[in-house]
Amino acid sequence: MTDMPLSDTAAAPRRKAASLLKQDARTRRRNAAEKRFRLYGAAAIAISLAALLVLLATILTNGAGAFRQTYLNIPVALDAEVLDPRGNRDPAEMARVLTTSYGRVLDAAVRDTIARHDIRIEGLSDDDIGGLISREASAQVRDRVLDDPGLVGQTVEFDVLTSGRIDGYFKGRVTMDSAERDGNTSPQQLQLAQELADRGEMVTRFNWDFLTNADASDQRPEAAGLGVAILGSFYMMLVVLVLSVPIGVAASIYLEEFAPKNHLTDIIEVNISNLAAVPSIVFGILGLAAFINFVGLPQSAPIVGGLVLTLMTLPTIIISTRAALKAVPPSIRDAALGVGASKMQSVVHHVLPLAMPGILTGTIIGLAQALGETAPLLLIGMVAFVRNYPDGLPGGLMDPASALPVQVYNWTQRSDPAFIERASGAIIVLLVFLLCMNLLAIWLRRKFERRW
Amino acid sequence: MSTVKFTVSALAVIAASASAAAAREQIQIAGSSTVLPYSTIVAELFGENMDFPVPVVESGGTGSGMQKFCEGVGENTIDIANASRAISDSERETCTANGVTDIMEVRIGYDGIVFANGASGPDFVYTPADWFNALSAKVVRDGEVVDNTANTWNEVNPDLPDQEILAFVPGTKHGTREVFEEKVMLAGCEESGAMEAFTASGMDEDAAEEACMTLRTDGKSVDIDGDYTETLARIESSPNGIGVFGLSFYENNTDKLKVGTMSGVAPSTETIASGEYPVSRPLFFYVKKAHIGVIPGLQEFVDFFVSDEIAGPDGPLAQYGLVSDPELAATQEAVAAGTTMQ
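Residues numbered from 1 in each chain as written. Chains lettered and ligands numbered in written order. Predicted model: local features only at pLDDT ≥ 70, side-chain atom pairs only at ≥ 80, totals over all residues. Heavy atoms only, no water.

### Looking at the overall build of chain B
A count of helices and strands for chain B gives 16 helices and 14 strands. In terms of principal-axis extent, the alpha carbons of chain B reach across some 80 × 55 × 45 Å. Relative to its full complement of 342 residues, chain B shows a buried share of 55%. A separation of at least 24 residues holds for 73% of the contacts in chain B among residues at least 6 apart in sequence. In the structure as shown, chain B presents an accessible area of about 13,700 Å², 50% of it carried by carbon and sulfur atoms. The average position of the 19 basic charges and that of the 52 acidic charges among the side chains of chain B differ by 7 Å. (Helix = DSSP H or I, 4+ residues; strand = E, 2+ residues; numbered from the N terminus. Buried < 20%, exposed > 50% of the residue type's maximum accessible area, 1.4 Å probe, protein only. Contact = heavy atoms within 4.5 Å. Areas by Shrake-Rupley, 256 points an atom, 1.4 Å probe, with all protein chains shown as cover. Lys, Arg positive; Asp, Glu negative; His and termini not counted. Charge placed at Lys NZ, Arg CZ, Asp CG, Glu CD.)

### So, helix H13 (residues 263-276) of chain A
Taking 1.5 Å per residue, 14 residues should reach 20 Å; H13(A) reaches 20 Å between its end C-alpha atoms and fits that length. Where H13(A) begins, the side chain of Asn262(A) points an oxygen toward the backbone nitrogen of Leu264(A), at a separation of 3.1 Å. (Expected span 1.5 Å × (residues − 1). Polar contact = N/O pair within 3.5 Å; in protein donor to acceptor, adjacent residues only side chain to side chain.)

### Looking at the domain arrangement of chain A
Residue and element names in this part refer to chain A. Its domain assignment divides chain A into domain 1 (71-207) and domain 2 (227-448). Averaged C-alpha coordinates put domain 1 and domain 2 at centres separated by 45 Å. Contact residues are listed per partner, giving 6 residues for domain 1 and 6 residues for domain 2. Carbon and sulfur atoms make up 27% of the area that domain 1 and domain 2 hide from each other, which totals about 450 Å². Here domain 1 and domain 2 share 4 salt bridges between them. The tally of links between domain 1 and domain 2 comes to 4 residue pairs in polar contact (both at pLDDT 80 or more). A class-by-class count of the residues in the side of domain 1 that touches domain 2 yields no nonpolar, 1 polar and 5 charged. (Domains from an automatic or database assignment. Buried area = accessible area lost by both parts, 1.4 Å probe. Salt bridge = Lys/Arg side-chain N within 4 Å of Asp/Glu carboxyl O. Nonpolar A, V, L, I, M, F, W, Y, C, P; charged D, E, K, R; others polar.)

### What to know about the interface of chain B and chain A
Note on interface size: it is often stated as the accessible area lost on association of the parts. Taken together, the contacts link 44 residues of chain B with 49 residues of chain A. Buried area between chain B and chain A, both sides added, is near 4,000 Å², and the carbon and sulfur share of it is 52%. When the buried surface of chain B facing chain A is broken down by residue, Glu44(B), Glu48(B) and Asn76(B) rank first, second and third, together holding 15% of it. Here chain B is connected to chain A by 3 salt bridges. The partner of Glu48(B) in a salt bridge is Arg220(A), with the nearest N and O atoms 3.1 Å apart. At the junction of chain B and chain A, the tally comes to 26 residue pairs in polar contact (both at pLDDT 80 or more). For the side of chain B that touches chain A, the elements supplying multiple residues, two or more each, are helix H1 (2-20), helix H2 (36-49), strand E2 (56-58), helix H11 (247-252) and helix H15 (316-320) of chain B. Of the pairings in the sheet, the one linking strand E4 (residues 384-385) of chain A to E2(B) comprises 2 bridges and is antiparallel in character. Following the sheet pairing, Ala384(A) is matched in E2(B) by Glu58(B). (Pairing = 2+ DSSP bridges.)

### A short note on the state of the cysteines
All names here are of chain B. Evaluated as defined, the whole model comprises 2 disulfides over all chains. The partner cysteine of cysteine 70 in its disulfide is cysteine 95, sulfur to sulfur 2.0 Å. Of note, the bridge from cysteine 70 to cysteine 95 carries an S-S torsion of about -75° and is left-handed in sense. With cysteine 70 in the loop between helix H3 (62-69) and strand E3 (80-83) and cysteine 95 in helix H4 (residues 89-97), this pair connects stretches of sequence that are 25 residues apart. There is no split in this pair, since cysteine 70 and cysteine 95 are both buried. Disulfide pairing places cysteine 189 opposite cysteine 212 at an S-S distance of 1.9 Å. As the torsion about the S-S bond is roughly -45°, the cysteine 189-cysteine 212 disulfide counts as left-handed. Of this pair, cysteine 189 sits in helix H7 (residues 175-191) while cysteine 212 sits in helix H9 (residues 205-213); the two residues are 23 residues apart in sequence, bridging distant segments of the chain. According to the relative accessible area criterion, cysteine 189 is buried, its value standing at 0%. Here cysteine 212 falls in the buried class, since its relative accessible area comes to 0%. Looking at chain B, its bonded cysteines, counted consecutively from the start of the sequence, adopt the pairing 1-2, 3-4. (Disulfide = S-S within 2.5 Å.)

### Observations regarding the domain arrangement of chain B
All names here are of chain B. Looking at the assigned domains, one finds that chain B contains domain 1 (25-111 + 281-337) and domain 2 (112-280). In total, domain 1 and domain 2 occlude about 1,100 Å² of area from one another, counting both sides; carbon and sulfur atoms represent 50% of this. Counting the surface domain 1 buries against domain 2, the share from its top three residues, Asp111, Arg281 and Val323, is 46%. Counting residues per element, the ones that place at least two in the side of domain 1 that touches domain 2 are strand E4 (103-118) and H15. Here the residues of the side of domain 1 that touches domain 2 sort into 6 nonpolar, 4 polar and 3 charged.

### Here we look at the packing of helix H12 (residues 227-258) of chain A against helix H17 (residues 343-371) of chain A
Residues and elements named next belong to chain A. Running from N to C, H12 and H17 point in directions that differ by 140°, and their axes come no closer than 9 Å. Classed by the angle they form, the pair H12 and H17 counts as oblique. Considering the relative orientation of H12 and H17, their crossing is right-handed. When H12 is examined against H17, the residues Ser233, Met237, Val240, Leu241, Val245, Val249, Ile253, Glu257 and Phe258 are found in contact with a partner set consisting of Lys343, Met344, Val347, Val351, Leu352, Ile359, Thr363, Leu367, Ala370 and Leu371. A breakdown of the residues in the contact of H12 with H17 according to their chemical character gives 15 nonpolar, 2 polar and 2 charged. (Axes fitted to C-alpha atoms, helices over the stretch in contact; angles between N-to-C directions. Parallel < 35°, antiparallel > 145°, perpendicular 65-115°, else oblique. Left-handed = near helix turned anticlockwise from the far one by under 90°.)

This is the structure:
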């Protein structure tokens, strides 16, 4: 009788595969299922990578041109009759001559250069000559002349921007074919540009001005830069950092370490999670009502933008800080309390330093999110054309400024095709900033991380 | 403890700076995205030629600009509203209710609305009636009011190319849409006699006008809520598409677009100024008189904007595509005298 169950169990393995080296049908199915599952995962990653590559490739091919710009080196005869009609070299009098008049002086300078190099092009019109260089050049020459009225009557060398179409020609955006149909340029004009480039007068070089110049109007895409936007974004991030870190960390420490667990803290907790998911435009509406209409802060100012973005990032920072605090093992707190530390000492001396990497990561990710935000800025007047740089700190917080994502949004709406290149260039700058912030977050986490 | 101190001091800084936030230095402008490029061009020139800061220009559309304009008087409200249509009665009422009573209306010139397809497409010679028959929800056939089923342009008018109907028209939040409805759809409705047929079929006059301006919803007419750049992108991806653009946008993209003539007239600043080209509208901006003398440079900016050097026929605005106002001199006088709307 005792043999019976034994023989039964002995019979059972016989139903399975005879050898471990030979797979039965069921094992093969399971193995195949696992293989498929891994394949799905790999496919998902491949799809996202492909999407990322397409995005990066488009942005880079469109935007790389924004970092190079074509300049024309040109001697300008500063005609006293046009620039100082009264002839007394008084800057106040000369300031009455508008930049539109300086355009005539520059047109004459281009003609001189063409004559000097003996360039002859059939059918070159006055518009072609006038449209060769940027309108920004008039302002450049005027500023120089008003700074030093003694220059009037002399011939001075200037390095001026060429117009957007000419610049586009050297970057391949404008071709002879498209120029044929284009109302703003002509094949003759491009030919003239080519001749000047062949003689070394016109050069395309790296464009620092793209990072430092202010925005420019629709008529001079070649002069538009990100200076005001970068400064505005920097000021806003400063406000966010200064406000949201202390408030966020203090709130999380209190909620996590000191607050009693009751209905009130439950409600607060639910609300914080809820706020983290509120669409950012809502914070813009709040900012308009609270900071501009009620407190009376100025419109378009980085301080208001910073305050709005602070409200937006606070939930993110609180949630990640609380998670970091929770991850510190209770034994650390118990040990600290056990050797006689007060509650506050245990938190400040032991828990907080250990939670630091998590807090820093959360803060930087919150900041990066705030850096790329446009919607809340729409309502507080920061989605605007701003050409003056804000002052230095702290007064500059009250001056109008733009922001990086806002500049991208603005430029994509402009009619001149050269702005598409600028917008893509601005996206590259924004991506580089975000990448730096995320790398910093990773580095900080690695540096301060401790394992138990 | 230091965190708490830091927070308190940060809040104190905000409070202190809030009270110090007086005396705005730069002009604030908001409103129509059609007027925006002109406004930024003038703002830029104003900043480089005068000793005042460059005005801050926001867009957002005529409606939202007017709303901001009518919020009240004071430094945290805007000074100038750009508009691609005249201020409406209800907006005037809101303004008055909020204490914005003295408003200067400044007409800066005219803007043409053009109809263009991709540069490689065929030439189009439209009349408003063609557009009405192609895009209206209800059309008249053999004296009967029927749903519009036209598929190609030459079904509408045998002179037009055999191309599928696909039109990208500005969405309802744009001022351009209103002009399109009135000057093209309604005009075409009257021209083709559909208006009479609508009233004959038992509609009263308002209902008939409404029917004239209702676009078909079967996908032949697509509302574009974004800007002209979006319309251009849509045309580049669907070669059959025809878009509605502002003249200045077209003039900056002539290499990619081919413009159609309307009633036999090609759009240009000249034909619009002479009134030959039928689809145009005036552009305005509105100034709060109460802010003149308070915001530095406001009067100078308005004077500068309408001066012959800027808004005249040879000025930078005309070069960009604005049709300069033949009555600019009258506007200059009104601005100098500070004449407000009645």
